Structures are given as C-alpha cells and as structure tokens.
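Residues per chain are reported as follows:
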Amino acid sequence: RSPDLLEDESAKKKSRVEVRRPPPLDIRSYKFHRKLGEGSGGKVMLASFSPNKQLVAIKIVPKKPNRCNYPWISMEAWLLKIARECPFLCHSHATFQSKAQAFFVLEYAGGGTLYRMISRQKKLPTKSIQFYTAEMVVALQFLHSNGIIHRDLKPDNILVDNDGHIKICDFGIAAAGMFAGWKIRGLAGTPGYRAPEMLSLEAYDAGADWWSLGVIMYEMATGRKPFAPSLDPAKEFLDMKLTKVDYPSHMSQEMLDLLPKLLEMDNNNRLGVNGTIREHQFFAGINWSELEKRTTQTPF
Ligand code: ADE
C-alpha cells in the first residue's frame, strides 16, 4: 500500500481515538442500598453514584403496557426536569429506562419526611410551621405558574433536606397544562388531603393544592387532621360539610386567621388562589426574595 494511504488510515484511527468518550452512564453506575419508601407508581430506593459515592434516591416505576402508564411516566420525567428550577422541589439528576422499568434518579433529602417529623414531635413550633409553609408557598406558586397542579400534597410527600429546607416530591399524579381558567376532573390524591370540589367530583384547579396546604399546616400545628379521612369520597365530603373545624386555643392569632382562609369550602374564595397569600400577617418577618434563594437560615 502506498505510504499516503497508510498515513490516511493512521489519521482516521487517531480521530477515532480522540472522539472516544467514557461509556454512557446508566443504571449500573448506581449501587442500591435500601428501600426509602413507596411513591405513586413505584418504590424509592437509597442508592449511591459509584464514581463519586454521591447519595441519591432512585424511584423505580414498572412499565405497565396493559394499563397504559407510559404517558404518566413521560409526564413525571418532564416534571422532574422542570423541578430543577425551584429549590423547594425534589428534582431528577438523570432518568433511565430498561425494557420493564423507568428509573428516576432523584436528589436525596436526608432529613426524612414532614410526616415523620409530625409523628415524632406532634406539634411543631410556630416558627418552624411558618418557615416550612413559606417554602411550600414558593414551591406551589412556581408549579402553578407553570400550569402544574401537584394533586397529592401531604406530609409524606414533603421531604426535609440535609440543610433543613423542604423539598416537595412525587409528581406521579400531577396535572400539567393547567393554565388560567382550565379545570380538571377526576379523583386524585390521598384521603384526608383532598379538596371538597375534588371529593364532590366537580372540576377543580390549583385551588385543590391550597386546600391540601391548609390541611398540612393544621397537622403541623396540632398533630392531627382537621377532617376525618375516608376511602369513600362522598362520605369524606359529607363529613367535611358537617364538621366545624376545631381550632385549639394555643394557635397564634395569625394562624387562626390564615387557616380558615385555606380550608375554605368555596374554591373561588380560597386564599392562595388569588395570589395574595404572601402578604398575610402569618408570614410577617419573612423576606420572600431571600427565602426564594434558599439561603435563609432555618429557625432551628
Ligand atoms: N423518599 C422518597 N423520595 C425521597 C428522596 N428523594 N430523598 C429521601 N427520601 C425519599
């Protein structure tokens, strides 16, 4: 062969060497440790990324071709990416899939859930309730302004990270495309946290998330739920209509004013829906622009 051709070949080989990259990282780059919990649609495992030992939480969602859960999987993957823009939402580092499963590699929040915190402490101090609620307000306003309703807000889905800030997780049943005026139908969420308009099978909007926030606040303040949960939505709705919420006397005046405005049966009059919640006296002293940066010191 002519020396020219040989040179050509060695140049080709060289360029092939130059573009060689590390093998694409896949789910085998993670070492699984233990189960963290059950999310909507699949279990969540604690794992570490082998190259640098960083802890992550991996949600594993089985694909169900017969039950058509593919659109939900795609939606969750998309929402987990959008969540990267808000520090109080648990986002994905990466997503993978095998033939049978989808894997969402999530930030690991090492402080446990709000559920665990309430179970242990029963009543949280007002300062902590103010702080957690304010971070949830920022997260909800971010979601709603992007046309997303979470639909399953509850203390099990509020994580606390290693620095004491909250991360709302599990977008498995969230609804997207919910811009001004749009409403959705369909029972979703968890008994005890569902808004009256959802239980009565009416069309609903982001107001449903503000109701759930009211329930969560009440639970942080008292260690119990304001309304009796039931697997039967009609029963839960009827109980709710008949219940006069018991607001204990230890609640602060500001909380006593705020809570009934969130636990307002009429979605149109519910606080949160009209965008003025940040101005409520309960949040006095909160510097919202600092809080949004997640640089605010936790009150404990
Ligand atoms: N449980 C469910 N998701 C989690 C996460 N991202 N971090 C810690 N615990 C979790």
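Residues numbered from 1 in each chain as written. Predicted model: local features only at pLDDT ≥ 70, side-chain atom pairs only at ≥ 80, totals over all residues. Heavy atoms only, no water.

Caption draft 1: Structural view of the site of the ligand. Every residue close to the ligand is listed here: Leu-36, Val-44, Ala-57, Cys-90, Glu-107, Tyr-108, Ala-109 and Leu-159. One of the backbone nitrogen or oxygen atoms of Ala-109 is found 3.0 Å away from a nitrogen atom of the ligand. When the ligand is considered free in solution it has 260 Å² of accessible area, and contact with the protein chains removes 86% of it. Spatially, the ligand is embedded in the largest pocket. For the shell around the ligand, the residue count by class is 7 nonpolar, no polar and 1 charged. (Near = heavy atom within 4 Å. Polar contact = N/O pair within 3.5 Å; in protein donor to acceptor, adjacent residues only side chain to side chain. Areas by Shrake-Rupley, 256 points an atom, 1.4 Å probe, with all protein chains shown as cover. 1 Å grid on protein atoms, 1.4 Å probe; cavity = no way out; pocket = protein on both sides within 12 Å on 5 of 7 lines; lining within 4 Å. Sits in = over half its atoms within 2 Å of the grid points. Nonpolar A, V, L, I, M, F, W, Y, C, P; charged D, E, K, R; others polar.)

Caption draft 2: Molecular detail of the layout of surface pockets. Size it by volume and the largest pocket reaches roughly 690 Å³. Surrounding the largest pocket, 30 residues form its lining, Leu-36, Gly-37, Thr-113, Asp-156 and Leu-159 being those nearest its centre. Residue assignment for the lining of the largest pocket shows that the elements contributing at least two residues are β1 (30-39), β3 (54-62), α2 (70-82) and β5 (101-107). Ranked by residues supplied to the lining of the largest pocket, first place goes to β1 with 5 residues. Across the lining of the largest pocket, the residue classes tally to 12 nonpolar, 8 polar and 10 charged. For the second largest pocket, the calculated volume is near 310 Å³. Taken together, 18 residues line the second largest pocket, and the ones lying closest to its centre are His-144, Met-178, Asp-205, Ala-206 and Val-273. Looking at the lining of the second largest pocket, the element that brings in the most residues is helix α4 (residues 126-145), giving 3 residues. (Points joined across faces, edges and corners; volume = space filled by probe spheres on them. Helix = DSSP H or I, 4+ residues; strand = E, 2+ residues; numbered from the N terminus.)

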